[in-house]
Amino acid sequence: LAIRSFLSICVGGGVGIYMAVKGYGLESLIAQQLITSLLGALCLWAATPWRPGLKTDLNTIASVLGFSRYLSFSAVTAFISSQSDVFFSSYYLGAAATGVYNAAKRIIVAFNLIFVAGVNSVAFPTIAAQGQHENYKDIFLRGIVYTASLTAPVYAGLAVLSHDLVGLLLGETWLTAAPVISILAIGGFLSSLDQYNGNTRMIFDRPHWQFYVSTANAVTNIVVLLIFARYGLQALAFALVAKTAILHPLSLGLAMKLTGLRVADYIKGIFPILFCALVMGAGVAFMHAQWNFGHPAINLLVYIPCGVAIYGVLMLCLKRALVLDLIDIGRHIVRKPV
């Protein structure tokens, strides 16, 4: 699943970029979406011998429809939630400010596609295959810890080095998007953890809970943006992140109720990782302030390895077993035949 996603995104994105360079404009975006979806579907069909058929029964259809109606409603509310920030930014701040905000949001979305969507496409079926047994809470916590250990330093580094990243990818014209990216990175990290909460509600047959959480998120988004969007892009971003931080415990609490996971175990698993990522971010920010090389590419080439080194040393001190587990997983992936 991960290889399928990576391959389809790379090929579709490559075709889209090529067409954009050749002057196709909007058609390049359409081609990128179509090729990504088509190649993903072809890879999925090639990887499995299963084919759909017409042999089924009404009970199965009724069961699927009953389950999917909540997912459909959740998708609608999720769409409203994801687009409400752009709507209110356009309404209160104008097209130019919304363009800057969209540039920041697209970078966060790109990181989510790489580090969140890819992980979730593998994590959900893997965890679902385990079923609702007594060890599920351990699987749930392990998934969160593994994901946090990878995404926490990524988003911390993104928050600290956003100025250089924007300068390299978009140019100096878009540097006003950097502070917005730094703020939204916090929400991106919380989203990487929240995927497991949603997966758990699906596995434990609680799609209506998913709908309630998604609806609460959409309604809160609208209320928060009505109040704060008029005060500028950074205020808008802060409001969204604060809303995400407030609602995240609700989503997590529902998942913990289903799994039986204790709060103390969750804090014990996640807190050292957050501490290491925050210290890494503070260290990189301090070095960047003291020694700025003047070019975004050079800054990134210097400070990304520095951040990796700081985070790695801290994790070896505080979560040595986790680091060794991740190294073993990496070796297994490298050695396993394709």
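Higher on the page you've got the structure.
Procedures and definitions
- Residues numbered from 1 in each chain as written.
- Predicted model: local features only at pLDDT ≥ 70, side-chain atom pairs only at ≥ 80, totals over all residues.
- Heavy atoms only, no water.
- Helix = DSSP H or I, 4+ residues; strand = E, 2+ residues; numbered from the N terminus.
- Rg over C-alpha atoms; globule rule 2.2 N^0.38 Å.
- Buried < 20%, exposed > 50% of the residue type's maximum accessible area, 1.4 Å probe, protein only.
- Contact = heavy atoms within 4.5 Å.
- Patch = residues over 30% accessible without salt bridge, like charges linked within 9 Å, V, L, I, M, F, W, Y side chains within 5 Å.
- Areas by Shrake-Rupley, 256 points an atom, 1.4 Å probe, with all protein chains shown as cover.
- Salt bridge = Lys/Arg side-chain N within 4 Å of Asp/Glu carboxyl O.
- Phe/Tyr/Trp six-rings, centres within 6.5 Å; stacked < 30°, edge-to-face > 60°.
- Axes fitted to C-alpha atoms, helices over the stretch in contact; angles between N-to-C directions.
- Parallel < 35°, antiparallel > 145°, perpendicular 65-115°, else oblique.
- Left-handed = near helix turned anticlockwise from the far one by under 90°.
- Nonpolar A, V, L, I, M, F, W, Y, C, P; charged D, E, K, R; others polar.
- 1 Å grid on protein atoms, 1.4 Å probe; cavity = no way out; pocket = protein on both sides within 12 Å on 5 of 7 lines; lining within 4 Å.
- Points joined across faces, edges and corners; volume = space filled by probe spheres on them.
- Core = buried A, V, L, I, M, F, W, Y, C linked by side-chain atoms within 4.5 Å.
- Disulfide = S-S within 2.5 Å.
- Expected span 1.5 Å × (residues − 1).
- Arc of directions from axis to C-beta.

A. Layout of the overall build of the protein chain. From N to C terminus, the protein chain includes 11 helices and zero strands. Mapped from its N terminus to its C terminus, the protein chain presents α and β elements in the order α-α-α-α-α-α-α-α-α-α-α. The C-alpha radius of gyration of the protein chain comes to 21 Å, within 12% of the 20 Å expected for a compact globule of 338 residues. For the protein chain, the residues scored as buried account for 38% of the 338 residues in total. Put simply, of all contacts in the protein chain between residues at least 6 apart along the chain, 76% involve residues at least 24 apart.

B. Molecular detail of a nonpolar patch on the surface. Where nonpolar side chains cluster on the molecular surface, the patch consists of Val76, Phe79, Ile80, Val219, Ile222, Val223, Leu226, Ile227, Phe228 and Tyr231 and spans about 920 Å² of accessible area. Elements that contribute at least two residues to the nonpolar patch include exactly helix H3 (58–130) and helix H7 (207–228). The element best represented in the nonpolar patch is H7, accounting for six residues. In this structure, Val223 sits in helix H7. Of the residues examined, Val223 reaches a relative accessible area of 43% and is grouped as partly exposed.

C. Quick peek at the environment of Leu226. As for its position among the elements, Leu226 is in helix H7. Judged by relative accessible area, Leu226 falls into the partly exposed class, the value being 38%. Distance in space between the C-alpha atoms of Leu226 and Ile30 is 32 Å, their sequence separation being 196 residues. Apart from the residues within four sequence positions on either side, Leu226 is in contact with Phe88 and Tyr92.

D. Seen up close, the packing of aromatic side chains. Considering all chains together, one arrives at 10 aromatic pairs under this definition. For the ring pair Tyr136 and Phe140, a centre distance of 6.5 Å and an interplane angle of 20° mean the geometry is stacked. Taken together, the residues Tyr136 and Phe140, both in helix H4 (residues 136–160) and four residues apart, mark about one turn of the helix. Exposure remark for Phe140: the relative accessible area of 1% places this residue in the buried category.

E. Quick peek at the packing of helix H6 (residues 178–203) against helix H8 (residues 233–259). Here H6 crosses H8 at 20°, and the two axes come no closer than 9 Å. With respect to each other, H6 and H8 are oriented roughly parallel. Crossing handedness for the pair H6 and H8: left-handed. Across the contact of H6 with H8, the residue classes break down as 16 nonpolar, eight polar and two charged.

F. Layout of the pattern of salt bridges. Tallied over the full model, the rule gives three salt bridges. The salt bridge involving Asp265 is made with Arg262; its shortest N-O contact spans 3.0 Å. Judged by relative accessible area, Asp265 falls into the partly exposed class, the value being 27%.

G. Representation of the layout of surface pockets in the model. Approximately 1500 Å³ is the volume found for the second largest pocket. Considering the residues around the second largest pocket, the lining is formed by 41 residues, among which Ser82, Asn112, Ser191, Asp194 and Asn217 are closest to the centre. Of all elements in the fold, only H3, H6, H7 and H8 reach the threshold of two or more residues within the lining of the second largest pocket. Among the elements that take part in the lining of the second largest pocket, H3 stands out by supplying 16 residues, more than any other.

H. Expanded view of the nonpolar core. One finds Tyr101, Phe140, Leu158, Tyr266 and Ile273 to be the most contacted residues of the largest nonpolar core, which totals 67 residues. No other element matches H3, which puts 13 residues into this core. Each residue touching Phe140, except ones within four places of it in the same chain, is listed here: Tyr196, Asn197, Thr200, Leu252, Ala255, Thr259 and Leu261.

I. Spotlight on unusual backbone geometry. Non-glycine residue Asp205 carries a positive phi angle of around 60°. In this structure, Asp205 sits in the loop between H6 and H7.

J. Region of the structure containing the state of the cysteines. One pass over the structure, following the stated rule, counts zero disulfides. With no disulfide of its own, Cys43 lies closest to Cys10 among cysteine sulfurs, the gap being 11 Å. Free of any disulfide, Cys306 has its nearest neighbouring cysteine sulfur in Cys276, separated by 17 Å.

K. Up close: H7. Along its 22 residues, H7 runs 31 Å from first to last C-alpha, staying within 8% of the 32 Å computed at 1.5 Å per residue. Those residues of H7 that fall on the buried side of the exposure criterion are Pro207, Trp209, Val213, Ser214, Ala218, Asn221, Val224 and Leu225.

L. Up close: helix H2 (residues 26–47). With 22 residues, H2 should cover 32 Å at 1.5 Å per step; its first-to-last C-alpha distance of 32 Å lies within 8% of that length. When H2 is considered as a whole, its buried residues turn out to be Ser28, Ala31, Thr36 and Gly40. Viewed along the axis of H2, the buried residues span an arc of 155°, placing them on a single side of the element. What points out from H2, more than 90 degrees from its buried face, is the exposed set Leu26, Leu34, Leu38 and Leu42. For H2, the elements touching its buried residues are helix H1 (2–21).

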